Amino acid sequence: MVIKARTWLVAAAAVMASTAVAYSSEMAPQDVKIEDNMVSASLTGGAGDAAEGRKIFANRKLGNCLACHAVSDQSEQLFHGDVGPSLDGVADRWSPEELRAIVVNSKAVFTKDTIMPGFYSLDVGVHVRKDLVGKTILTAQQVEDVVAYLATLKE
Amino acid sequence: MKKQYLVSVAAIAMAGALSTAAVAGGPVDEKLVIDGEIEMTTRTAPPEGHPLDELISGWHYRTVETRALETDSFENPGMLGVEDGEQIWNTVEGTEGKSCASCHGDAAESMKDVGAHFPKWDAESGRPINIELQINKCRTERMGAEAYKFDKGGQKPLTAYIKRQSLGTPVSIDLSQGDMQSWWEKGKEMYYTRTGQLNLSCATCHEDHNGQFIRADHLSQGQINGFPTYRLKQGALVSVHNRFRGCIRDTRAEMPAAFSDELMALEVYVTWRGTGLSVETPAVRQ
């Protein structure tokens, strides 16, 4: 009986999760269009949270952007990589729409040879880990949060 | 903010000008001499058809402290593994009542320079084999002992002991044996194939971006002349296939099995990419 109740709860949770996806205005990765190096509309339809974005940027399990990019705004973090350019003042160089395109799929903006992963793209490598097949590195909301954070990096 | 930006621009300009010096990135410009007498070739011209201008041992990318550990056989923590390997070499195992030494005698003579020329073609199995697989062949075919499982039993120490007998010898493999060339081709294809959710190939990190920092890690050329290496972080010897699997896992991909055709092909190709570098086993890494 206990087991049954538990199964039911799990099933209910699954239904709720899929409904959430079906009803949100979130754009699926394959529907995102990059034109003139821009993704013009928010992936969620709403604004990102720059403070969250700042955390995602440093989090090794999420953006891990610091692995490749230094940024003076996060000098409290040890070890900033230098594989990519420093992102100080990046919002002076790119518009938010361009920054969104870079984070979504950098290969569409730079070259296909770039080392930078596409964070909201299903254009991935071979033999993707089984539990990650069909999944993007960041969610639409996390991309918006990171873009909002990048937009604060002005000099 | 503005001032900081100028400083970092200056640093980048400097690093560009002195690209091989010990500034912000790049391999250090120093010589590796072990125990004050064995001069190692840690930088060398590549073989024909190689994509890099210069081959550089991973030693050059490590910190002062880590580099120092490798220069002295008493300080090198990997030497404990080598000593274990020597014991195993002389220990009788299996139904035939033999040790490695029963057939091969003194490894200092019989195994001198041998490790520098693996992987080799194995006609019997029709594929390349590395030292680990050669050890397993001897165990099963001659000693009546069980094959070591990947990274288990004496596999790492014995491999390290055998490779240590080639300390300083330049790596070179014979691609004219058997079908080695086609395994090289297959390994090359793997090296340039992007894997996983992060969509990276070996070349993305070790060819395009060596010398740069990926968070705290100083990217090297990913050479394997020092394997098994001693990793300070793990406090243990690390085998080539363990390292390959780790790098593939980090791209968020499924990992091929150790000694699978995929990883043997990769080992053939990556060994060739280090042609001419001295065997450094056991190299010390962070």
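Residues numbered from 1 in each chain as written. Chains lettered and ligands numbered in written order. Predicted model: local features only at pLDDT ≥ 70, side-chain atom pairs only at ≥ 80, totals over all residues. Heavy atoms only, no water.

This part is about unusual backbone geometry. Each neighbour pair has its own omega, and for Phe-227 of chain B with Pro-228 of chain B the value is -15 degrees, a cis peptide bond. Of note, Pro-228 of chain B is situated in the loop between strand 8 (217-218) and strand 9 (229-231). Cis geometry is found at the peptide bond from Thr-281 of chain B to Pro-282 of chain B, where omega equals -10 degrees. Along the chain, the position of Pro-282 of chain B falls in the loop between helix 11 (261-273) and strand 11 (284-285). Here Asn-37 of chain A, not a glycine, exhibits a phi torsion of approximately 60 degrees, which is positive. Counting through the fold element by element, Asn-37 of chain A comes out in the loop between helix 1 (2-23) and helix 2 (50-58). We classify Asn-37 of chain A as partly exposed; its relative accessible area is 33%. (Helix = DSSP H or I, 4+ residues; strand = E, 2+ residues; numbered from the N terminus. Buried < 20%, exposed > 50% of the residue type's maximum accessible area, 1.4 Å probe, protein only.)

Residue and element names in this part refer to chain B. Examined against the element boundaries, Thr-251 turns out to sit in the loop between helix 10 (240-250) and helix 11. Residue class for Thr-251 comes out buried when judged on its relative accessible area of 8%. A distance of 2.7 Å separates a polar side-chain atom of Thr-251 from the backbone oxygen of Ile-248. Not counting the four nearest positions on each side in its chain, Thr-251 is found in contact with Thr-195, Gly-196, Gln-197, Leu-198, Asn-199 and Leu-200. (Polar contact = N/O pair within 3.5 Å; in protein donor to acceptor, adjacent residues only side chain to side chain. Contact = heavy atoms within 4.5 Å.)

The next subject is the packing of helix 4 (residues 96-104) of chain A against helix 6 (residues 140-150) of chain A. When two helices pack together, their arrangement is captured by the angle between the axes and the distance separating the axes. Residue and element names in this part refer to chain A. For the pair helix 4 and helix 6, interaxial distance at closest approach is 9 Å and the crossing angle is 130 degrees. Viewed along their axes, helix 4 and helix 6 adopt a mutual orientation that is oblique. Crossing of helix 4 over helix 6 shows right-handed handedness. Side by side, helix 4 and helix 6 meet where Pro-96, Leu-99, Arg-100, Val-103 and Val-104 of the first sit next to Val-143, Glu-144, Val-146, Val-147 and Leu-150 of the second. Of the residues in the contact of helix 4 with helix 6, the class split is eight nonpolar, no polar and two charged. (Axes fitted to C-alpha atoms, helices over the stretch in contact; angles between N-to-C directions. Parallel < 35°, antiparallel > 145°, perpendicular 65-115°, else oblique. Left-handed = near helix turned anticlockwise from the far one by under 90°. Nonpolar A, V, L, I, M, F, W, Y, C, P; charged D, E, K, R; others polar.)

Another aspect to go through is the domain arrangement of chain B. All names here are of chain B. Along its sequence, chain B is organised into domain 1 (1-30), domain 2 (31-76 + 169-285) and domain 3 (78-164). Between domain 1 and domain 2, the contact holds eight residues from the first and 11 residues from the second. Note on domain 1 versus domain 2: buried area summed over both sides is about 710 Å², and carbon and sulfur give 49% of it. Considering only the surface of domain 1 that becomes buried against domain 2, Pro-27, Val-28 and Glu-30 emerge as the three largest contributors, covering 69% of it. Counting every contact that joins domain 1 to domain 2 gives one salt bridge. The residue Arg-67 makes a salt bridge to Glu-30 at a minimum N-O spacing of 3.0 Å. Across the contact surface, domain 1 and domain 2 share three residue pairs in polar contact (both at pLDDT 80 or more). Its residues assigned to classes, the side of domain 1 that touches domain 2 comprises three nonpolar, three polar and two charged. (Domains from an automatic or database assignment. Buried area = accessible area lost by both parts, 1.4 Å probe. Salt bridge = Lys/Arg side-chain N within 4 Å of Asp/Glu carboxyl O.)

Turning our attention to helix 11 of chain B. Structural remark: α-helix, 3.6 residues per turn; residues separated by three or four positions point the same way. Residues and elements named next belong to chain B. The terminal C-alpha atoms of helix 11 lie 18 Å apart, and with 13 residues this matches the ideal 18 Å at 1.5 Å per residue to within 8%. Of all the 13 residues making up helix 11, 11 are buried; the element is thus mostly covered by neighbouring parts of the structure. Of all the positions in helix 11, only Leu-263, Met-264, Ala-265, Leu-266, Glu-267, Val-268, Tyr-269, Val-270, Thr-271, Trp-272 and Arg-273 are classed as buried. Those residues of helix 11 that are buried lie in contact with strand 4 (55-56), strand 6 (127-129), helix 6 (131-143), helix 8 (180-192), helix 9 (202-206) and helix 10. (Expected span 1.5 Å × (residues − 1).)

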